[in-house]
Amino acid sequence: MPRVSQDHLDARRRQILDGARACFARHGYEGATVRRLEEATGLSRGAIFHHFRDKESLFLALAEDDALRMADVVAEQGLVQVMRDLLAPPHDREEEQAADWLGTRLEVSRRLRTDPDFRARWAERSEQLTKATRERLLRQREAGNLRDDVDVDVLTSFLELVLEGLVSHLAMGLPADDMEPVLDLVEETVRRHRRVH
């Protein structure tokens, strides 16, 4: 029997995650039945669960994948850029995935509130974004761009709270076309202001 290449396995895993992201965003965790996951991914249940032990493992892998992508954006451009990306209207595949990410993020929030087992498993994965945000803020402080009168941990919590508020705002279907100036204010709030003598 021929061995399957790692590239093929990675591509198959990516196919499953992309299809599952859209499925969970559209139907929620409970509504993402195995049949719907098969339709969304174009693969059989055997193929899906060859890569992931069960639906919860698939969902956690998807949420972790999204957290890693966000952490990459944070490391390069900051957490406010993640928020700006959420506001961008979906007109290509990548932005469509950002919209699906929002649905996944909402489902994570709901399950954290209602499922203690999920909360315990998610806690291991949720630190990535906080760590990336904190490290970026520390680099910005070293470069003299970040205000130095507030602890970096407080600024990290502030930005994460704004992100959660924006996610809730979008989840409620409230208009988001006036949010860019709000995000400008958030950025301005954490910046260091140099005094002119």
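That block above? That's the structure.
What you see is a predicted model; the values in this text were computed from it and never measured. (Residues numbered from 1 in each chain as written. Predicted model: local features only at pLDDT ≥ 70, side-chain atom pairs only at ≥ 80, totals over all residues. Heavy atoms only, no water.)

Draft legend 1. The overall build of the chain, seen in detail. Regarding its fold elements, the chain presents 10 helices and 0 strands. Listing each helix as α and each strand as β along the chain from the N terminus yields α-α-α-α-α-α-α-α-α-α. Across the 197 residues of the chain, 40% fall into the buried class. Partitioning the contacts of the chain with sequence separation of at least 6, the portion at a separation of at least 24 is 70%. (Helix = DSSP H or I, 4+ residues; strand = E, 2+ residues; numbered from the N terminus. Buried < 20%, exposed > 50% of the residue type's maximum accessible area, 1.4 Å probe, protein only. Contact = heavy atoms within 4.5 Å.)

Draft legend 2. Representation of helix 5 (residues 79-87). The element helix 5 is extensively covered by neighbouring structure, given that 7 of its 9 residues are classed as buried. Of the residues making up helix 5, those classed as buried are Leu79, Val80, Val82, Met83, Arg84, Leu86 and Leu87.

Draft legend 3. Quick look at helix 1 (residues 6-31). Counted at 1.5 Å a residue, the expected span for helix 1 with its 26 residues is 38 Å, but the 31 Å between its end C-alpha atoms falls short. Those residues of helix 1 that sit buried are Ile16, Leu17, Asp18, Gly19, Ala20, Arg21, Ala22, Cys23, Phe24, Gly28, Tyr29 and Gly31. (Expected span 1.5 Å × (residues − 1).)

Draft legend 4. Geometry of the packing of aromatic side chains. Counted according to the given criterion, the structure contains 5 aromatic pairs. Seen from their ring centres, phenylalanine 24 and tyrosine 29 are 5.9 Å apart, and the 5° between their planes marks the pair as stacked. No difference in accessibility class separates phenylalanine 24 from tyrosine 29, as the two residues are buried. Grouped by ring-pair contacts, the aromatic residues Phe24, Tyr29, Phe59, Phe118 and Trp122 constitute a single cluster. (Phe/Tyr/Trp six-rings, centres within 6.5 Å; stacked < 30°, edge-to-face > 60°.)

Draft legend 5. Broad picture of the pattern of salt bridges. Counting across every chain of the model gives 22 salt bridges. Residues participating in the shared-partner salt-bridge network are Arg14, Asp18, Arg21, Asp65, Asp66 and Arg69. (Salt bridge = Lys/Arg side-chain N within 4 Å of Asp/Glu carboxyl O.)

Draft legend 6. Spotlight on the packing of helix 4 (residues 55-77) against helix 8 (residues 127-142). Relative orientation of the contacting elements helix 4 and helix 8 amounts to 5°, with a least axis distance of 8 Å. Regarding the angle of helix 4 to helix 8, the classification is roughly parallel. In this structure, helix 4 contributes Glu64, Ala67, Leu68, Met70, Ala71, Val74, Ala75, Glu76 and Gln77 to the contact, and helix 8 contributes Gln128, Leu129, Ala132, Thr133, Arg136 and Arg139. Its residues placed into classes, the contact of helix 4 with helix 8 shows 8 nonpolar, 3 polar and 4 charged. (Axes fitted to C-alpha atoms, helices over the stretch in contact; angles between N-to-C directions. Parallel < 35°, antiparallel > 145°, perpendicular 65-115°, else oblique. Nonpolar A, V, L, I, M, F, W, Y, C, P; charged D, E, K, R; others polar.)

Draft legend 7. Here's a closer look at the nonpolar core. The biggest cluster of nonpolar side chains holds 28 residues, and the ones touching the most others in it are Leu79, Met83, Leu86, Leu159, Leu163 and Leu166. Secondary-structure elements contributing two or more residues to this core are helix 4, helix 5, helix 6 (93-114), helix 8, helix 9 (152-171) and helix 10 (180-190). Ranked by residue count, the leading element in this core is helix 9, at 8 residues. Ignoring sequence-local partners within four residues, the contact set of leucine 79 consists of Val74, Leu129, Thr133, Leu159, Glu160 and Leu163. Core analysis: the second largest hydrophobic core is formed by 21 residues, Ala20, Ala61, Leu62 and Val108 among them. (Core = buried A, V, L, I, M, F, W, Y, C linked by side-chain atoms within 4.5 Å.)

Draft legend 8. Here's a closer look at the environment of leucine 163. Inspection of the secondary structure puts leucine 163 in helix 9. Expressed as a C-alpha distance, the spacing of leucine 163 and leucine 79, which sit 84 residues apart in the sequence, is 8.0 Å. Apart from residues no more than four positions distant in its own chain, leucine 163 is found in contact with Met70, Leu79, Val82, Met83, Leu86, Arg105 and Leu129.

Draft legend 9. View of the side chain of arginine 84. Among the structural elements, arginine 84 can be located in helix 5. Residue arginine 84 is classed as buried on the basis of its relative accessible area of 14%. Side chain to side chain, arginine 84 and glutamate 180 meet in a polar contact 2.3 Å long. Setting aside chain neighbours within four positions, we find arginine 84 in contact with Glu180, Leu183, Asp184 and Glu187. (Polar contact = N/O pair within 3.5 Å; in protein donor to acceptor, adjacent residues only side chain to side chain.)

In short, geometric facts, not functional conclusions.
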